[in-house]
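In case you want the letters, here they are:
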Amino acid sequence: MPKTVQVAVSNATFHFDKLYTYAVLPDQQAVRRGSMVLVPFGRGSKPRMGVVLAVDAEPESARLKYLFDLAPESANLTDELLALVQFLRNRTFCTWYEAVKAVIPYGAQYKPALAADGVTPVLQKQLVRHTENSYSLAGELPAKPHPTAKQLLAVTLLRGGARTQHQLEELGVSKAVLDNLCSKGVLACEKVNKVIDLYSHIPQNAEPIALTDAQQAAYNALAPHLQSGKPHAALLYGVTGSGKTLVFLKLIERCLALGRKALVLVPEISLTPQMILRLKSTFGKRVAVQHSALNHTERLLQWQMIQDGGADIVVGTRSAVFAPLENIGLIIIDEEQEHTYRSESAPRYAAHDVAKKRAADNGALLLLASATPSIESYEAAVNGRYQLVELTQRYGGNPLPSVELVDMRAELASGNPRDISLRLEDAIRRNLEQKKQTILLLNRRGYQTVAMCADCGEVLKCAKCSVPMVYHKAKKQLLCHYCGSTLAPVPTKCSCGGKLNYTGFGTQKAEEELAELFPTARILRMDQDSTSGKDAHEKLLARFARHEYDILLGTQMVAKGLDFPDVTLVGVLGIDSLLFAQGFRAFETVFSLITQVVGRGGRAESPGHAIIQTVDPGNPVLNLAAQQDYKAFFGQEIAFRKLGLYPPFCSLCVAGFTGTNEQQVAQAANRFAALLGQQAALQPKMPLRVLGPAPAGILMVNERYRYKLTIKCRNDNAFRTLLGSVLALYEQEKLPAKAAVTIDMNSDGDL
Ligand code: ADP
Ligand code: ZN
């Protein structure tokens, strides 16, 4: 009999984070590990959500508070999800409940409420309106009085199993008939969760998948691991357009045939519609979706469908890695190099690590896939820690696009004032004449991105962040892309009185330039500003796919994964700033982005061509990207990582400090560094290099100053224990200058 339980309580700060013990009432004996509970917390015994992480038979103290309420068993976290909570807490230094929240969105189905008496705190189901009546046979239909035709119909229909009221009504049985049969005890009625099929409009395509020889070979190398029951990790390195998705579909088909389930992760929301379309049309109904653009209700319903065992395939972005699927046979991480797989808020986890754990727990195949794998993943494959499977040719023998670099300094010198080079202008014109489509990448939104004083040279920055304000012409205002602050009317003078010059080239300005150059072209701009509405991505891309537009211009959201046969020209307008970014992955990001966007072209019969505009045409990274020579790039980059001691040759742990007073933040960072030094001195054998503390790349965001301490380490138990003890000591000191500290084990090193 459970007497006490240990609960992870919501909204605990790391400082106070521990499990809290509560007493269990006699009518709460169903409580177990994984139960969702409502507990009294703090002085005022305010109700808070919690999850039970341990159960004890012995009372601990006589003065324990009792649980307020307990959600039904169906809401419990499975053992696997509980293990993930523990894993996140150990690996990412988050609080218990931060880990819980990552694993169950919105506390899953329950929320705090008051009972009918208006005073007793209870748990309430969040989706009460989303249940419906389900009918099943409960007894014989009496021979007298003579049953009506409708009654007979209802009974006949239900011989095959329970049906919902809605289904029965569609088949001609009214609610009145059903009520009547229930009152006679012939039928039983229960409330069940409504299943909404978010993508019911997608027709199923019965055509079997026919793989090419190369794809078949890749499949053959991977498929045995779906069945072995042993965890296995593989990297599918396939050039753009090689048909990686077809290999996924075949593997999923095999996985389902073996009675197991599949989890498919894509790097961003804009890529989910295409993947959903392919999965739905191949596999039909039992596909569930998890990503943050679903509304609250949709997300919970989809989650519930997965938890109830109603989904065989789950597709989604990073957080979908926690989907409550059981018996997973296959986990796919598509475009695995994308930074979006690393969470930048607590818990700061990488989807790869969670996926690896789930693959281990389920004996599943973990398949990472990309045309430009992360250096870490490719290194693991080269050295045999992952199986390496390659697709070296595009489907149908189509060549990879040819790529040229255009020197923008020469362009300016020759008198072209535009941000679109003559070469690119010419190519777009020819493409328009041939009724082909063009994709242009410009990774900066807004109109003009910098306002600089002609006299003092000051750049106009956000008042709350140390970044330049960006001019958005449509809204006639300056916008901070970090905190969202706005400034209007748009200033023309610097604080020194000098004239402000607006320069820099964002997507809105590019759109304007394009419209001037090609007045009849239909131009679609896609960036964060143009895709904020619900399903905006999906709708806009669908229209581009139908060739309602000639030119698609956008930020990195147009670079990846899209597959449109009419696209034959790709232009890259502003990539140079990324080359000078700080983090150790900067070159990898540029190489990948260019290869990805170039790979959007020439995917069907007509060959593709790409033009990259740069002020540094001799740059080796750009040149390797232009040649789409991943292996040469890898060779160069891995040497650089080794020399500079970066991952995969170490782990990079960044401790970040933020607060409103810069001096105090710096002090706190220094104190933390000193404590780390003390603790590390006790472990002389531990490999450790500490850099900093130093101000973060962007010193201030949203009125908070930021400092960082970079720790190159081996991310093992010994290191995590050491870091845990440093955190504990730091918290104990109760420094007056205390600044919030965060630990990120997956950072690029550039805060
Ligand atoms: P990747 O993800 O490797 O860039 P895709 O899976 O998107 O490539 O495939 C590129 C294009 O080639 C898609 O339009 C896809 O439908 C087509 N394709 C690839 N393999 C096959 C195949 N075996 N049969 C028919 N079409 C294929
Ligand atoms: Zn700001």
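Owing to the predicted nature of the structure, the values given are computational and were not obtained by experimental measurement.

What follows is about the overall build of the protein. Across its full length, the protein holds 21 helices and 32 strands. Against the globule reference of 27 Å for 751 residues, the protein gives a C-alpha radius of gyration of 29 Å, in line with a compact fold. Seen through its principal axes, the protein has C-alpha atoms that stretch 95 × 65 × 55 Å. For the protein, buried positions account for 53% of its 751 residues. Seen as two clouds, the 83 positive and the 71 negative side-chain charges of the protein have centres 4 Å apart.

Lining the immediate surroundings of ligand 1 are 16 residues, of which Ala210, Gln215, Gly241, Thr245 and Asp563 lie closest. Here a nitrogen atom of ligand 1 sits 2.8 Å away from a polar atom, N or O, in the side chain of Gln215. At 2.8 Å from an oxygen atom of ligand 1 is found a side-chain nitrogen or oxygen belonging to Thr245. Taken by itself ligand 1 offers 560 Å² of open surface, and the protein chains cover 79% of this. Ranked by residue count, the leading element in the shell around ligand 1 is helix H7 (residues 244–257), at 3 residues.

This brings us to the pairing of strand S6 (residues 110–114). When S6 meets strand S7 (residues 121–125), the two strands line up antiparallel, connected through 5 bridges. Bridge pairing in S7 places Ala113 opposite Val122. A loop of 6 residues connects S6 with S7, the two strands running antiparallel in sequence, and Gly118 in this loop sits at a positive phi of about 80°.

Let us look at helix H3 (residues 149–159). Of the residues making up H3, those classed as buried are Gln151, Ala154, Val155, Leu157 and Leu158. One side of H3 holds all its buried residues, which, seen down the axis, span an arc of 165°. Of the exposed residues in H3, those oriented more than 90 degrees away from the buried face are Ala149 and Arg159. One or two residues past the end of H3 sits Gly161, with phi positive at roughly 125°.

With 14 residues, helix H1 (residues 79–92) should cover 20 Å at 1.5 Å per step; its first-to-last C-alpha distance of 20 Å lies within 8% of that length. Along H1, the residues that are buried comprise Glu80, Leu81, Leu82, Leu84, Val85, Phe87, Leu88 and Thr92. Buried residues in H1 make contact with strand S4 (46–56), helix H2 (96–103), helix H10 (351–362) and strand S32 (740–744). Trailing H1 by a residue or two, Phe93 shows a phi angle of about 60°, which is positive.

We now examine the pairing of strand S11 (residues 232–238). Burial analysis of S11 places 6 of its 7 residues in the buried class, the great majority of the element. As defined by bridge partners, S11 adjoins strand S16 (residues 365–370) across 6 bridges and the pair is classed as parallel. Opposite Tyr237, over in S16, you have Ser370 as the bridge partner. With 5 bridges joining them, S11 and strand S17 (residues 387–391) adopt parallel strand pairing. When the sheet's bridge partners are listed, Gly238 is paired in S17 with Leu391.

Here we take up the coordination of the zinc ion (ligand 2). Around the zinc ion (ligand 2), the donor atoms from the protein are Cys462 (SG), Cys465 (SG), Cys480 (SG) and Cys483 (SG), and they sit 2.2 to 2.3 Å away. Each of the 4 donor atoms around the zinc ion (ligand 2) contributes to a set of angles spanning 105 to 114°, which defines the coordination as tetrahedral. Taken in sequence order, the residues that donate to the zinc ion (ligand 2) follow the motif C-x2-C-x14-C-x2-C. Neither residue differs from the other here; Cys462 and Cys465 are each classed as buried.

So, on to the sheet that holds strand S5 (residues 69–70). What the 5 strands build is an open sheet, ordered S2-S1-S4-S3-S5; its pairing is antiparallel. Each end of this open sheet is capped by a strand with a single partner; those strands are strand S2 (20–23) and S5. For strand S1 (residues 4–9) and S4, the ladder comprises 6 bridges, and the chain directions are antiparallel. By the bridge assignment for S4, Ala8 is matched with Val51. With respect to the sheet, H2 is in contact with S1, strand S3 (36–41) and S4, its orientation differing from that of S4 by roughly 90°.

Our next topic: the nonpolar core. The biggest cluster of nonpolar side chains holds 130 residues, and the ones touching the most others in it are Leu279 and Leu330. Leaving out residues up to four positions away in the same chain, Leu279 has contacts with Leu249, Ile252, Val264, Gly284, Val287, Ile313 and Val315. Ile711, Leu722, Tyr730 and Val741 belong to the second-largest nonpolar core, a separate cluster that totals 27 residues.

Next up on the list: the domain arrangement of the protein. Domains assigned within the protein are domain 1 (4–125), domain 2 (131–193), domain 3 (217–267 + 310–395), domain 4 (402–445 + 506–641) and domain 5 (651–744). Measuring from the centre of the C-alpha atoms in domain 2 to the corresponding centre in domain 5 gives 65 Å.

Moving on: the side chain of Ser242. With respect to the helices and strands, the residue Ser242 is situated in the loop between S11 and H7. In this structure Ser242 comes out as buried when scored by relative accessible area, which is 2%.

If you walk across this open sheet you meet the 7 strands as S13-S14-S12-S15-S16-S11-S17, and the pairing is parallel. Among the strands making up the open sheet, the edge pair consists of strand S13 (287–290) and S17. For this sheet, the mean inter-axis angle between neighbouring strands, taken without regard to orientation, is 20°. In this fold helix H9 (residues 296–307) packs onto S13 and strand S14 (313–316), with an angle of close to 135° to the strand it touches most, S13.

Attention shifts here to the packing of aromatic side chains. Each aromatic ring pair is described using two quantities: the centre-to-centre distance and the angle formed by the ring planes. The tally for this structure, following the rule as stated, stands at 18 aromatic pairs. Ring geometry for Tyr237 versus Tyr378: centroids 5.7 Å apart, planes at 75°, classification edge-to-face. Here the residue Tyr237 occupies a position in strand S11, and Tyr378 occupies one in helix H11 (residues 375–382), the gap between them amounting to 141 residues. With respect to class, Tyr237 is no different from Tyr378; both count as buried. Arranged with centres 5.6 Å apart and planes meeting at 80°, the rings of Tyr447 and Tyr471 form a pair that is edge-to-face. Of the two residues, Tyr447 sits in the loop between strand S19 (437–442) and strand S20 (450–453) while Tyr471 sits in strand S21 (residues 470–472), which places them 24 residues apart along the sequence. Across the pair, Tyr471 and Tyr447 agree in class, each one buried. Among the aromatic residues, ring-to-ring pairing joins Tyr237, Tyr378, Phe591, Tyr630, Phe633 and Phe634 into one connected group. For the cation-ring pair, Lys712 lies above Tyr646, with the distance from its terminal atom to the ring centre recorded as 4.1 Å.

Moving on, we get to the side chain of Asp527. With respect to the helices and strands, Asp527 occurs in the loop between strand S25 (523–526) and helix H15 (536–545). Given a relative accessible area of 0%, Asp527 falls into the buried group. A distance of 2.9 Å separates a polar atom in the side chain of Asp527 from a polar atom in the side chain of Arg525. Excluding its chain neighbours within four sequence positions, the residues that come into contact with Asp527 are Arg445, Thr507, Thr555 and Met557.

Let us now look at the pattern of salt bridges. Counted according to the given criterion, the structure contains 27 salt bridges. With a shortest N-O distance of 3.3 Å, Asp179 and Lys175 are connected by a salt bridge. Placement of both Asp179 and Lys175 in helix H5 (residues 175–183) is noted, with a separation of 4 residues, approximately one turn of the helix. Ionic pairing is found between Arg525 and Asp527, a salt bridge with its closest N-O pair at 2.9 Å. Counted as one network, the salt bridges with shared partners bring together Arg342, Glu376, Arg585, Glu588, Glu637, Arg641 and Asp748.

The rules behind these values
Residues numbered from 1 in each chain as written. Chains lettered and ligands numbered in written order. Predicted model: local features only at pLDDT ≥ 70, side-chain atom pairs only at ≥ 80, totals over all residues. Heavy atoms only, no water. Helix = DSSP H or I, 4+ residues; strand = E, 2+ residues; numbered from the N terminus. Rg over C-alpha atoms; globule rule 2.2 N^0.38 Å. Buried < 20%, exposed > 50% of the residue type's maximum accessible area, 1.4 Å probe, protein only. Lys, Arg positive; Asp, Glu negative; His and termini not counted. Charge placed at Lys NZ, Arg CZ, Asp CG, Glu CD. Near = heavy atom within 4 Å. Polar contact = N/O pair within 3.5 Å; in protein donor to acceptor, adjacent residues only side chain to side chain. Areas by Shrake-Rupley, 256 points an atom, 1.4 Å probe, with all protein chains shown as cover. Pairing = 2+ DSSP bridges. Arc of directions from axis to C-beta. Expected span 1.5 Å × (residues − 1). Contact = heavy atoms within 4.5 Å. Donors = N, O, S within 2.8 Å, 3.2 Å for Na, K, Ca; no water. Tetrahedral: all angles 85-135°; square planar, octahedral: opposite > 155°, others 65-115°. Axes fitted to C-alpha atoms, helices over the stretch in contact; angles between N-to-C directions. Core = buried A, V, L, I, M, F, W, Y, C linked by side-chain atoms within 4.5 Å. Domains from an automatic or database assignment. Phe/Tyr/Trp six-rings, centres within 6.5 Å; stacked < 30°, edge-to-face > 60°. Lys NZ or Arg CZ within 6 Å of the ring centre and 35° of its normal. Salt bridge = Lys/Arg side-chain N within 4 Å of Asp/Glu carboxyl O.

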